[in-house]
Amino acid sequence: MPVELTSKHIVLFGAGKSSSVLIDYLKQLAAAKNWQVTVADNDLRLVQQKVGTHKNVTAASVDITNAEERKKYIGSADIVISLMPAHLHYLVAVDCIELKKHLLTASYMDDNIKKHAKAIKQNNLLFLYEMGLDPGIDHMSAMQLIHSIKEKGGRIISFKSHCGGLIAPESDDNPWHYKISWNPRNIIMAGKAGAVYKEHGETVTLKYEELFSGKHGIDVPGLGWYAFYANRDSLGYMSLYNLEEAETFMRTTLRHPDFCFGWKNIVDLKLTNEEKVYETDGLTISSFFRQHFEKHGFGEWLTQLLSSRLEYAKKMMEQLMNLMQAEQDAISEGEEPDDDFMMIDEKGELTTLNVDDVKSKAAESVAVQMHEANLTLKQLFFLGLNDDTPINKGLCSAADIMQFVAEQKLALQPDDKDMIVMLHEIEYETGEKKSAVKSWLVVKGDDNIHTAMAKTVGLPLGIAAKLILEGKIKETGLLIPNLASIYQPVLEELKQHGIAFNEEEV
């Protein structure tokens, strides 16, 4: 490959969980094009581990809150990639505007940066936000599908986009069916703002406490059933996707059904509260749970939860036994047993079912209720109800401690494989004909460093940086990757890395 006549300089801020595959990509890019790369983080040792020895790649220590240090690196860059925590992007962004540098990040576009949209455009800069997995690959793959449907005259009625950072089945060995592959704080805080979306023409608003009901789910080809909960504000993306007329528009997070059940319990037990009320120096995990549960009436909560499930299971078993006795009585008297049976469902509504359906439904309902009663205790004990490990984190909130616990209990082990699943469901009309299409992506990690999350968050950023510096992406302004000029070349290169969608009409 010919050597670039003009060397470019890429500066990456952040060397955390999502950076490993991006750093490897940038190392290969630097070698192939004789470009320069600087990877900067406050943990120099961590950067050095990920960078290794490379003549074109420099590991650097930076205090991102120090303006002089930031500007030293930004000023020397042709393009900046920020993988810092979301609240620190703004510091980098303001310097990039002042120093006239392009900026890429995987985080959501917030109101603070939107105030600078005019200045970004006037300076002929490209600030490409939401350029990771979700948000990122979801936008690009969805827009490619949406544009292809519209090009053949289709009008989109319903759009649902689901994505989850999950654990691969071969590494799924705990009652939460989950392990951490990205920022653990974001996992604890997920859903705090509630959610709003559109369904069948109506705007639906859910509070935090309502999100993890586990009522909604989808069958993922080759993997089975996953629950989902709505993400933040889906409505804000309707105009960005040009789907203002869609009757249903929803963006969601995928999880194992047992995770949603368990996390609703965590929310109900106030374990994600952010008030700093626990002095953790010398406090063990089990002691924290004991203190917290005494404060929030755990005994009453647990009794009610278990009683409701066991009582429901008991009633269903009684109905099933009565049904079977009625059948037996009818046969004994030489009569044909009734094929239909009336019963009260979970919503309290009277419904008529076939006898065999009733038996199946009753057995299934009993199994579900018994499973949930058992799962409640298994999940809580797994988190450490009897664990004497000291916390020693100073004054903490329950959420802080839950993050500590999750990092201990739900960590990816060296040989574990995480898994990314993304699935789009679109219903559309072409004239009077109604159609539906399903498009899905499954990516597995290699180990606990080169994770599927790191691949799908990092590679879109690296590819976009390369295309911008090569002049193949020429857009300017404050954007997300919903334009064909951005998503087409990025998606094309992602295929070369095994990140490709399957598609079928349904």
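Per-chain numbering applies: the sequence of each chain, read as written, is numbered from 1 onward. Since the coordinates come from a predicted model, pLDDT governs what is reported: local features require at least 70, and pairs of side-chain atoms require 80 or more to be given and counted, while whole-chain, interface and lining totals use all residues. Neither water nor hydrogens contribute to the side-chain values; these are computed over all heavy atoms in the structure.

### A short note on the pattern of salt bridges
The working definition used for a salt bridge is a side-chain nitrogen of Lys or Arg within 4 Å of a carboxyl oxygen of Asp or Glu. Evaluated as defined, the whole model comprises 19 salt bridges. The shortest N-O distance in the salt bridge between R155 and E429 comes to 3.0 Å. Separated by 274 residues along the polypeptide, R155 in strand β7 (residues 155–167) and E429 in strand β17 (residues 418–430) bring together distant segments of the chain. Notably, a salt bridge pairs D400 with K276, separated by 2.6 Å at the nearest N-O pair. Remark: K276 occurs in strand β13 (residues 276–279) and D400 occurs in helix α15 (residues 398–409); sequence separation between them is 124 residues. Using a relative accessible area of 17% as the deciding quantity, one classes D400 as buried. The network of salt bridges with common partners includes K33, E470 and K472. Helical segments are the DSSP runs of H or I of at least four residues, strand segments are the runs of E of at least two, and each set is numbered from the N terminus. Note on exposure labels: buried denotes an accessible area under 20% of the residue type's maximum, exposed denotes more than 50%, and partly exposed covers the range between, all computed with a 1.4 Å probe on protein chains only.

### Considerations on unusual backbone geometry
A cis geometry characterises the amide bond from D134 onward to P135, with omega recorded as 20°. Tracing the backbone shows P135 in the loop between β6 (126–128) and α7 (137–151). Here H200, not a glycine, exhibits a phi torsion of approximately 55°, which is positive. In this fold, H200 is placed in the loop between β8 (195–199) and β9 (202–206). Of note, the phi angle at N242 is positive, near 55°, even though the residue is not glycine. Note that N242 resides in the loop between α10 (236–240) and β12 (248–255).

### Focus: the pairing of β9
In this analysis, strands are considered paired if DSSP registers two or more bridges between them. Direction of pairing for β8 relative to β9: antiparallel, over a ladder of five bridges. The residue of β9 that forms the bridge with A195 is L206.

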